[in-house]
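Chain and residue survey
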Protein chains: 2
Amino acid sequence: MNYKKGKQTKQFIIQQASHLFNTRGYAASSISDVMYVTGLKKGGIYNHFESKEELSIAAFEYSTQVLGEYYQSVTTTEKGCANKLFALANAIEAVAEGRLSPGGCPLMNAAIESDDGDPVLKDRVHLAMGRLLERVRLILRQGIQDGEVRGELDLEYVATVFIATLEGALMLSKLYGNTEHMKRAVRHVKNFINTEVCIMS
Amino acid sequence: MNYKKGKQTKQFIIQQASHLFNTRGYAASSISDVMYVTGLKKGGIYNHFESKEELSIAAFEYSTQVLGEYYQSVTTTEKGCANKLFALANAIEAVAEGRLSPGGCPLMNAAIESDDGDPVLKDRVHLAMGRLLERVRLILRQGIQDGEVRGELDLEYVATVFIATLEGALMLSKLYGNTEHMKRAVRHVKNFINTEVCIMS
């Protein structure tokens, strides 16, 4: 096989599988489903991945990388703690609207699916969710340095409230097929930031 | 078959299946898995349910009924809007701690699983989540009648923030295998109720 073409095929399989797994679920999707969405034969898939598990992990990592890069880009262009957190909230709202990631937030979907059953995937979700929570704390630590946030603020508390509220609302918005719940959650999170977090700016 | 014994067997299958589906997922669990957790043969299951789909719906309804009755009992024994909402928050925290419902919140688990794939289950989740949100709004409406809550409060907004924050934290707590996230979310929700919702008591 041509090396470059093989690499492109592998990447194509990962992308298609990530959409499939994030929409239908990891355990509920079969290699036949991956064959269907890629248009490849079984051998064409196993040529690149030893098992469905290996493909699942690659697909999950791809999903979270795409989201992570988007979150990074929208927060770095903003100035100040509150604006960066607002941009991150808006970016999670964009996920609820079906932009960026078909099937909703890949972290939450994989978290719900793996928390009782798939220890390898669960470990990866663990790490990816840790990076998202740390993204919030990093913005807050910079805010403390810049004198926008009180030094004694409980960063773990703020990160949990921020992510839990938005991810929970994402689930509700996906369930009801509209963005009303997400809009309310974003409004609450922004109010929380303005009244309890970035209160020195 | 003895009618009473048949009814008991059916109920037993529903209970065991509800734990299985809530832990492993609906689509990812097979009738063989149901046979394993019930110790019954295939015919013994299909004697009571025409299909896995019929059993799935019965199991989901059973899970949400158990939770609904628990939420009802803990809130009706409390006096006043804030105390009732605190009791509901504590009850959702109990779900995160694995009490009441193995596998976490059956509403959120089924919501995440069905939102892209299973329209029949999704309709049921829709209704059950609607009842949970309405439970919050009912407490608030009583609070308005009793002069504890401002009449112009946006009840939809409060219900969304309350449920989204706690369900999102439940997902985080399940993922990390501890109740830290849930404790922070409960703290935030209680603070929200005290400072923005039940402020006239």
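Scope of this entry: the structure provided in the associated data block. (Residues numbered from 1 in each chain as written. Chains lettered and ligands numbered in written order. Predicted model: local features only at pLDDT ≥ 70, side-chain atom pairs only at ≥ 80, totals over all residues. Heavy atoms only, no water.)

Let's talk about the packing of aromatic side chains
Heads up, the rule is: Ring geometry is summarised as follows: Phe, Tyr and Trp rings, the Trp one being its six-membered ring, pair when their centres sit within 6.5 Å, and such pairs are stacked at plane angles under 30 degrees, edge-to-face over 60 and tilted between the two. Buried residues are those whose accessible area, probed at 1.4 Å on protein chains only, stays under 20% of the maximum for their type, while exposed residues exceed 50% and partly exposed ones sit between those limits. Criterion for a charge above a ring: Lys NZ or Arg CZ within 6 Å of the ring centre, and within 35 degrees of the ring normal.
Counting across every chain of the model gives six aromatic pairs over all chains. An angle of 35° between the planes, with centres 5.1 Å apart, marks the rings of F21 of chain A and Y26 of chain A as tilted. F21 of chain A gets classed as buried once you look at its relative accessible area, which sits at 1%. Above the plane of the ring of F49 of chain A lies K10 of chain A, whose end atom (NZ or CZ) is 5.4 Å from the centre. Stacked on the ring of Y157 of chain B, the Lys or Arg R187 of chain A has its end atom at 3.7 Å from the ring centre.

Some details on the relation of the copies chain A and chain B
We apply this condition: Copies are brought into register by a least-squares superposition over C-alpha atoms of residues with pLDDT of at least 70 in both. Contact criterion: two residues are considered in contact whenever any of their non-hydrogen atoms come within 4.5 Å of each other.
Superposing chain A onto chain B requires a rotation of 180° together with a translation of 0.0 Å along the rotation axis, leaving an RMSD of 0.0 Å. What the rotation and shift describe, once combined, is the action of a two-fold rotation axis. Looking at chain A, 100% of its interface residues are interface residues in chain B too, so the copies touch through the same face.

Focus on the packing of helix 5 (residues 81-96) of chain B against helix 8 (residues 155-176) of chain B
Helices that pack against each other are described as a pair by the angle of their axes relative to one another and the distance between those axes. All names here are of chain B. As a reminder of what qualifies: To obtain each axis, a line is fitted to C-alpha atoms, and for helices this fit is confined to the stretch in contact; angles are then taken between N-to-C directions over 0 to 180 degrees. By definition, any uninterrupted DSSP run of H or I lasting at least four residues is a helix, any uninterrupted run of E lasting at least two residues is a strand, and each is numbered from the N terminus. Just so you know how the angles are binned, under 35 degrees is roughly parallel, over 145 roughly antiparallel, 65 to 115 roughly perpendicular, and the rest oblique. Each helix crossing is assigned a hand: it is left-handed if the near helix lies turned anticlockwise from the far helix by less than a right angle, otherwise right-handed if that turn is clockwise. Here the nonpolar group is Ala, Val, Leu, Ile, Met, Phe, Trp, Tyr, Cys and Pro; Asp, Glu, Lys and Arg are the charged ones; every other residue, Gly included, is treated as polar.
One way to put it is that helix 5 packs onto helix 8 with a least axis distance of 9 Å and a crossing angle of 20°. Regarding the angle of helix 5 to helix 8, the classification is roughly parallel. Seen from above, helix 5 lies across helix 8 with right-handed handedness. Facing L85, L88, A89, I92, V95 and A96 of helix 5, the residues of helix 8 in contact are F162, I163, L166 and L170. Split by residue class, the contact of helix 5 with helix 8 holds ten nonpolar, no polar and no charged.

So, helix 8 (residues 155-176) of chain A
Residue and element names in this part refer to chain A. Spelled out, the test is: The length a helix should cover is 1.5 Å for every residue beyond the first.
The end-to-end C-alpha distance of helix 8 is 32 Å, a good match for the 32 Å that 22 residues give at a rise of 1.5 Å each. With 21 of 22 residues buried, helix 8 is to be regarded as a mostly interior element. Immediately downstream of helix 8, the backbone of G177 shows phi near 65°, a positive value.

Thoughts on the side chain of K52 of chain B
Residue and element names in this part refer to chain B. To keep things clear, this is the line we draw: In the analysis that follows, any N or O atom pair within 3.5 Å is treated as a polar contact, provided that within protein one partner can donate a hydrogen and the other can accept it, and provided that, for residues neighboring in sequence, both atoms belong to side chains.
Looking at the element boundaries, K52 is found in helix 4 (residues 52-76). Of note is the side chain of K52, whose polar atom sits 2.7 Å from the backbone oxygen of S29. Look past the residues within four positions of K52 in its chain and what remains in contact with it is Y26, A27, S29, I31 and Y46.

Quick look at the interface of chain A and chain B
The cut-off we apply is this: Once two parts are joined, some of their accessible surface, as seen by a 1.4 Å probe, is lost; buried area is that loss totalled over both. One speaks of a salt bridge when a side-chain nitrogen belonging to Lys or Arg is within 4 Å of a carboxyl oxygen belonging to Asp or Glu.
Listed as interface residues are 40 residues of chain A and, on the opposing side, 40 residues of chain B. Together chain A and chain B conceal approximately 3800 Å² of surface at their shared face, both sides included; 64% is due to carbon and sulfur atoms. On the chain A side of the interface with chain B, the three residues burying the most area are I112, Y157 and L175 of chain A, jointly 17% of the side's total. Applying the counting criterion to the chain A and chain B interface returns four salt bridges. The salt bridge partner of E156 of chain B is R184 of chain A, with a shortest N-O separation of 4.0 Å. The tally of links from chain A across to chain B stands at 15 residue pairs in polar contact (both at pLDDT 80 or more). Contributing elements (two or more residues each) for the side of chain A that touches chain B: helix 1 (3-24), helix 6 (106-114), helix 7 (119-145), helix 8 and helix 9 (180-197) of chain A. With 15 residues, the single largest contributor to the side of chain A that touches chain B is helix 8 of chain A.

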